[in-house]
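# Analysis of the macromolecular model
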Amino acid sequence: MANPFEEPDAQYTVLRNEENQHSLWPAFAPAPDGWTVVHGPGHREECMTYIRENWVELRPRSVTEFVTAQAGT
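From a predicted model like this one, the values you see are computed outputs, not experimental measurements.

Calculation notes
- Residues numbered from 1 in each chain as written.
- Predicted model: local features only at pLDDT ≥ 70, side-chain atom pairs only at ≥ 80, totals over all residues.
- Heavy atoms only, no water.
- UniProt positions renumbered as here; feature names shortened; annotations may be inferred.
- Helix = DSSP H or I, 4+ residues; strand = E, 2+ residues; numbered from the N terminus.
- Phe/Tyr/Trp six-rings, centres within 6.5 Å; stacked < 30°, edge-to-face > 60°.
- Buried < 20%, exposed > 50% of the residue type's maximum accessible area, 1.4 Å probe, protein only.

## Overview of the UniProt feature "domain: MbtH-like" (unreviewed entry) in the chain
If you check UniProt for "domain: MbtH-like" (unreviewed entry), the listed places come out as residues 3–53 in our numbering. Annotation note: span residues 3–53, helix share 20%, strand share 41%, distance between end C-alpha atoms 24 Å.

## Concerning the packing of aromatic side chains
Using the criterion set out here, one finds 1 aromatic pair in the structure. Arranged with centres 5.6 Å apart and planes meeting at 70 degrees, the rings of Phe5 and Trp25 form a pair that is edge-to-face. Here the residue Phe5 occupies a position in the segment before strand E1 (11–17), and Trp25 occupies one in strand E2 (residues 22–26), the gap between them amounting to 20 residues. Classification of Phe5 as partly exposed rests on a relative accessible area of 32%.

Below, the structure is given as structure tokens:
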């Protein structure tokens, strides 16, 4: 069986968790607990473009908030 994350013609969704991390996810599979669909379904490249354009801060949200708070003290 082929890897469902690498099928260029398959349908995918983009998931995001509370830490603002994004994930490419096969559209046929339900989102795991703690993740929300924020884009799709769409083709792999469309979803990857969404991730590149919207997940610009790669640090988890809690880390970003901590660093920002430390810089302000």
